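Here is what each chain is made of, one letter per residue.
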Amino acid sequence: MNIEQQLAETKHWEERYRLIIQAGKNLPEPNEEELATMHGIPGCEVQVWFKFTEKTDRTFHFQAYSEARIMNGLLWILLQRIENQTPEALRQFDLTAYFNALGIAQRLSSTRLNGLKHIEEILHNL
């Protein structure tokens, strides 16, 4: 069962929160050189870094990292959804609708959501 199914089937926010934090453990921590090539994302209450690389097939590879465990979980979940997508698919991506469908958007602080919305703006401009 993937993370989207797990979140959708979870009834209580505490269990979703635990799943999100667990998911963040899958996000590789960049070394200092990698971190230096990533862009800081404004609008979030914690440091968030993000990077994209266009591949030869016109899809994209993404890296992201945060100093906060919950944010790393949200980033990992997001990366599972957007990895290897075309620019056209990324321009259509609606972050709020996606997180609403997973049952997590309504519990996110506005500053966390703001940081993620900045990533969505980047995706819409690829």
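Residues numbered from 1 in each chain as written. Predicted model: local features only at pLDDT ≥ 70, side-chain atom pairs only at ≥ 80, totals over all residues. Heavy atoms only, no water.

**Some thoughts on the overall build of the chain**
Then, in step 1: The helix and strand inventory of the chain stands at 7 helices and 3 strands.
Then, in step 2: Taking 126 residues into account, the globule formula puts the C-alpha radius of gyration at 14 Å, and the chain, at 14 Å, falls close to it.
Then, in step 3: Taken over the C-alpha atoms alone, the chain extends approximately 40 × 30 × 25 Å along its principal axes.
Then, in step 4: Buried positions account for 44% of the 126 residues belonging to the chain. (Helix = DSSP H or I, 4+ residues; strand = E, 2+ residues; numbered from the N terminus. Rg over C-alpha atoms; globule rule 2.2 N^0.38 Å. Buried < 20%, exposed > 50% of the residue type's maximum accessible area, 1.4 Å probe, protein only.)

**Considering the packing of aromatic side chains**
Then, in step 1: Under the definition given, this model contains 7 aromatic pairs.
Then, in step 2: Here the aromatic cluster, defined as three or more aromatic residues joined through ring pairs, consists of F50, F52, F60 and F62.
Then, in step 3: Directly above the ring of Y98 sits R81, whose terminal nitrogen or CZ lies 5.9 Å from the centroid. (Phe/Tyr/Trp six-rings, centres within 6.5 Å; stacked < 30°, edge-to-face > 60°. Lys NZ or Arg CZ within 6 Å of the ring centre and 35° of its normal.)

**Quick word on helix α7 (residues 110–124)**
Then, in step 1: The end-to-end C-alpha distance of α7, which contains 15 residues, comes to 20 Å, matching closely the 21 Å that a straight helix rising 1.5 Å per residue would cover.
Then, in step 2: Among all positions in α7, only R112, L113, G115, L116, I119, E120 and L123 are buried. One side of α7 holds all its buried residues, which, seen down the axis, span an arc of 160°.
Then, in step 3: Elements that come into contact with the buried residues of α7 comprise β2 (48–54), β3 (60–66), α4 (69–82), α5 (87–92) and α6 (95–101). (Expected span 1.5 Å × (residues − 1). Arc of directions from axis to C-beta. Contact = heavy atoms within 4.5 Å.)

**Concerning the UniProt feature "domain: Fe-S metabolism associated" (unreviewed entry) in the chain**
Then, in step 1: UniProt's entry tags residues 5–121 with the feature "domain: Fe-S metabolism associated" (unreviewed entry), counted in the numbering of this structure.
Then, in step 2: Within residues 5–121, the helical portion is 53% and the strand portion 14%, while the C-alpha atoms at the span's ends are 26 Å from each other. (UniProt positions renumbered as here; feature names shortened; annotations may be inferred.)

**Some thoughts on the nonpolar core**
Then, in step 1: In terms of nonpolar packing, the biggest core is built from 43 residues, with F62, M71, I77, F99, L116, I119 and L123 touching the most fellow members.
Then, in step 2: Listed by contribution, the elements that provide at least two residues to this core are α1 (3–9), α2 (13–24), β2, β3, α4, α6 and α7.
Then, in step 3: Element by element, the count of residues in this core is highest for α4, at 9 residues. (Core = buried A, V, L, I, M, F, W, Y, C linked by side-chain atoms within 4.5 Å.)

**Considering the packing of α4 against α7**
The geometry of a pair of packed helices is captured by two quantities: the angle between their axes and the separation between those axes.
Then, in step 1: Remark: α4 packs on α7, axes separated minimally by 11 Å, with the N-to-C direction vectors making an angle of 25°. One element, α4, and the other, α7, form an angle in the roughly parallel class. The handedness of the crossing between α4 and α7 comes out as right-handed. Along the contact surface, α4 presents I70, M71, L74, L75, L78 and I82, while α7 presents R112, L116, I119 and L123.
Then, in step 2: Classifying every residue of the contact of α4 with α7 by side-chain character gives 9 nonpolar, no polar and 1 charged. (Axes fitted to C-alpha atoms, helices over the stretch in contact; angles between N-to-C directions. Parallel < 35°, antiparallel > 145°, perpendicular 65-115°, else oblique. Left-handed = near helix turned anticlockwise from the far one by under 90°. Nonpolar A, V, L, I, M, F, W, Y, C, P; charged D, E, K, R; others polar.)

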